[in-house]
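# Residue-level structural notes
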Amino acid sequence: MNMQQMLAQAQKMQRELQKAMNELKEKEFVINKNGMVVVTVTGNKEVKSIDIDNDAMDVDNKDMVQESIVLALNEAFAKIDAEAEAINERITGRAGGLF
């Protein structure tokens, strides 16, 4: 493969990677924790919503609700990272992207 072909292949991979990452940014990840909390996060790690069940709004449940929110957000972020890594590996054939 000559240098021009390698460059064209790299540019194609870069376009495919950019397209897939843009699609990931638009995707929504919905995580339900303990039936108390549902968080929705977009693929660019923007929290779209946090829904707390009315029954969980009791003062005695405050710590559990807070912990459920943290766990749900961390799970959503981990799923986003895993999906981004899978996209990189699928398109480039290696973890971590093109370089």
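Structure: above.
Residues numbered from 1 in each chain as written. Predicted model: local features only at pLDDT ≥ 70, side-chain atom pairs only at ≥ 80, totals over all residues. Heavy atoms only, no water.

### Brief notes about the pairing of strand β3 (residues 47-52)
In the case of a regular strand, side chains alternate between the two sheet surfaces. Note that strand β2 (residues 37-42) and β3 share five bridges and pair antiparallel. Directly across from V37, in β3, lies its bridge partner I52. (Pairing = 2+ DSSP bridges. Helix = DSSP H or I, 4+ residues; strand = E, 2+ residues; numbered from the N terminus.)

### Quick word on unusual backbone geometry
In the Ramachandran plot, N34 falls in the positive-phi region, its phi being about 60 degrees despite a non-glycine side chain. Tracing the sequence through the fold places N34 in the loop between β1 (28-33) and β2. Phi angles above zero are rare outside glycine, and K45 is one such case at about 65 degrees. When you line up the elements, K45 lands in the loop between β2 and β3. The partly exposed category is assigned to K45, whose relative accessible area is 38%. (Buried < 20%, exposed > 50% of the residue type's maximum accessible area, 1.4 Å probe, protein only.)

### Examining the environment of E28
The topology assignment puts E28 in strand β1. Taking the C-alpha atoms as reference, E28 lies 17 Å from E85; in sequence the two are 57 residues apart. Not counting residues up to four positions away in its chain, the partners in contact with E28 are T40, V41, T42 and K48. Looking at E28, its side chain comes within polar contact range of the side chain of K48, at 2.2 Å. (Contact = heavy atoms within 4.5 Å. Polar contact = N/O pair within 3.5 Å; in protein donor to acceptor, adjacent residues only side chain to side chain.)

### With respect to the sheet that holds β2
As summarised here, the arrangement of the three strands in space is β1-β2-β3, forming an open sheet in which the pairing is antiparallel. A strand with exactly one partner marks an edge of an open sheet, and here the two such strands are β1 and β3. Sheet twist, expressed as the mean angle between neighbouring strand axes with direction ignored, is 10 degrees. As paired strands, β1 and β2 are joined by six bridges and run antiparallel to one another. Each residue of the ladder has a partner; that of I31, found in β2, is V39. Its contacts with the sheet place helix α2 (residues 62-92) against β1, β2 and β3, and it is angled at close to 145 degrees to β1. (Axes fitted to C-alpha atoms, helices over the stretch in contact; angles between N-to-C directions.)

### A word on the pattern of salt bridges
Applying the stated criterion across every chain yields a total of seven salt bridges. Across the salt bridge formed by E83 and K27, the nearest N and O atoms sit 3.0 Å from each other. With E83 in helix α2 and K27 in the loop between α1 (3-26) and β1, this pair connects stretches of sequence that are 56 residues apart. On the basis of relative accessibility, which here comes to 25%, the residue E83 falls in the partly exposed class. (Salt bridge = Lys/Arg side-chain N within 4 Å of Asp/Glu carboxyl O.)

### What about the packing of α1 against α2?
Running from N to C, α1 and α2 point in directions that differ by 160 degrees, and their axes come no closer than 10 Å. Taken together, the axis directions place α1 and α2 in an arrangement best described as roughly antiparallel. In the crossing of α1 with α2, the sense of the turn from one axis to the other is right-handed. Along its contact with α1, which presents M13, E16, L17, A20, M21 and L24, the element α2 presents I80, E83, A84, I87, N88, R90, I91 and T92. Grouping the amino acids of the contact of α1 with α2 by side-chain chemistry returns nine nonpolar, two polar and three charged. (Parallel < 35°, antiparallel > 145°, perpendicular 65-115°, else oblique. Left-handed = near helix turned anticlockwise from the far one by under 90°. Nonpolar A, V, L, I, M, F, W, Y, C, P; charged D, E, K, R; others polar.)

Everything listed here is a matter of coordinates, which is why it stays silent on function.
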